[in-house]
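Structure assessment
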Amino acid sequence: PAAALLAHVAGGEETAKAEVLPDDLVAVLEALHAKNETITANIEKICRNILNDPGNAKFRSLRKEVLLRVVHVDATGGELPENPLHDVLVFAGFLSETNSYTWQYSEGSRQRLQGLVNAVVSLSERKLQPEEVSLDRVLQATKEGRQLPHIKKIDDTPVANATITASAMSRPPKPWEVAAKSAAQQAVEPTEAAGSAGV
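Just so it is clear, the model here is predicted, and its values are computed rather than measured. All chains use their own residue numbering, which begins from 1 and follows the written sequence. Residues qualify for local features only when their pLDDT is at least 70, as the model is predicted, and side-chain atom pairs are given and counted only at 80 or more; totals for whole chains, interfaces and linings, by contrast, use all residues. Water and hydrogen atoms play no part in the side-chain values, which are based on all heavy atoms of the structure.

1. Details of the sheet that holds strand β3 (residues 100-103)
Between any two strands, at least two bridges found by DSSP are needed for them to pair. The numbering of helices and of strands both runs from the N terminus, where a helix is a DSSP run of H or I of at least 4 residues and a strand a run of E of at least 2. Read across the open sheet, the three strands follow the order β1-β3-β2; overall the sheet is antiparallel. For this open sheet the edge positions go to β1 (61-63) and β2 (94-96), each flanked by a neighbour on one side alone. Put simply, the sheet's adjacent strands are angled 20 degrees from each other on average, direction ignored. Angles shown run from 0 to 180 degrees and are taken between the N-to-C directions of axes, each axis being a line fitted to C-alpha atoms and, for helices, limited to the stretch in contact.

2. A word on the packing of aromatic side chains
To pair, rings of Phe, Tyr and Trp, with the six-membered ring standing in for Trp, must have centres within 6.5 Å; the planes then decide the type, stacked if under 30 degrees apart, edge-to-face if over 60, and tilted in the middle. Tallied over the full model, the rule gives one aromatic pair. The ring of Y101 carries K64 above its face, with NZ or CZ at 5.0 Å from the centroid. Criterion for a charge above a ring: Arg CZ or Lys NZ at most 6 Å from the ring centre, at most 35 degrees from the ring normal.

3. Remarks on the pattern of salt bridges
In what follows, salt bridge is the name for a side-chain nitrogen of Lys or Arg lying within 4 Å of a carboxyl oxygen of Asp or Glu. In total, this model carries five salt bridges according to the counting rule given. Here E30 ties to R126 by a salt bridge, and the two come within 3.1 Å at their closest N and O atoms. Taken as a pair, E30 in helix α2 (residues 23-35) and R126 in the loop between α7 (107-125) and α8 (135-143) lie far apart in primary sequence, 96 residues in all. Residue class for E30 comes out partly exposed when judged on its relative accessible area of 31%. Buried residues are those whose accessible area, probed at 1.4 Å on protein chains only, stays under 20% of the maximum for their type, while exposed residues exceed 50% and partly exposed ones sit between those limits.

4. Quick word on the confidence of the model for the chain
Taken residue by residue, the chain gives an average pLDDT of 78. The fraction at 70 or more is 80%. Every residue is assigned a pLDDT by the predictor, reflecting its confidence on a scale from 0 to 100. Only heavy atoms enter the contact rule, under which two residues are in contact if any of them lie within 4.5 Å. Contacts of residues 1-13 to residues separated by more than four positions or lying in other chains number 15 contacts, the stretch itself having pLDDT below 50. Counting interchain partners and residues more than four positions distant, the pLDDT-below-50 stretch residues 74-81 has eleven contacts.

5. Some thoughts on α2
Helix span is expected to be 1.5 Å times the residue number reduced by one. Here α2 spans 18 Å end to end across 13 residues, near enough to the 18 Å set by a 1.5 Å rise per residue. Those residues of α2 that sit buried are L25, L29, L32 and H33. All buried residues of α2 lie within an arc of 100 degrees about the axis, which places them on one face of the element. Opposite its buried face, α2 presents the exposed residues D23, D24, A34 and K35, each directed more than 90 degrees away. Considering only its buried residues, α2 is in contact with α3 (37-52), α6 (86-91) and α7. This arc corresponds to the set of directions leading from the helix axis out to the C-beta atoms.

Laid out in structure tokens, this is it:
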């Protein structure tokens, strides 16, 4: 894992493909988001810091007491089973230790962490109206493999075995063809005018 982490940091590769969160974990995030949108914004920030700098040990380690303040849950000691984010963090590649969660780097955990970011971001994007979507948001969503709401997905794959028919319309003339035809008509007109004057 350490070699893979160093290769990732040195290579500066693009955002990982995302693994979709299971429905029960999405429901946990929806409940937290409904309680307070700041909670999911903090989760997104924590996860993005890790994705942007996975070599930073400070980002990869989350103290449980701090995490509980982030999600506004009172600590009662022990393994803190009341932490609503426990299963979400374990899914995203965090190892639960006595006082902290530590993110374990692997390509799979990176994809799951990106999936967590996508799920959190999609909660806030549900409220967006089409005119509120900026180009930066579209680019970020495309890079992260997310589908923005209110945007129609168009199937642009070519039709298999489609028959191509010849066009019924004639080709429009090129500009030089128009000019040549116009010059030819002007040459014919003076000749006709001279012929009718001589009669």
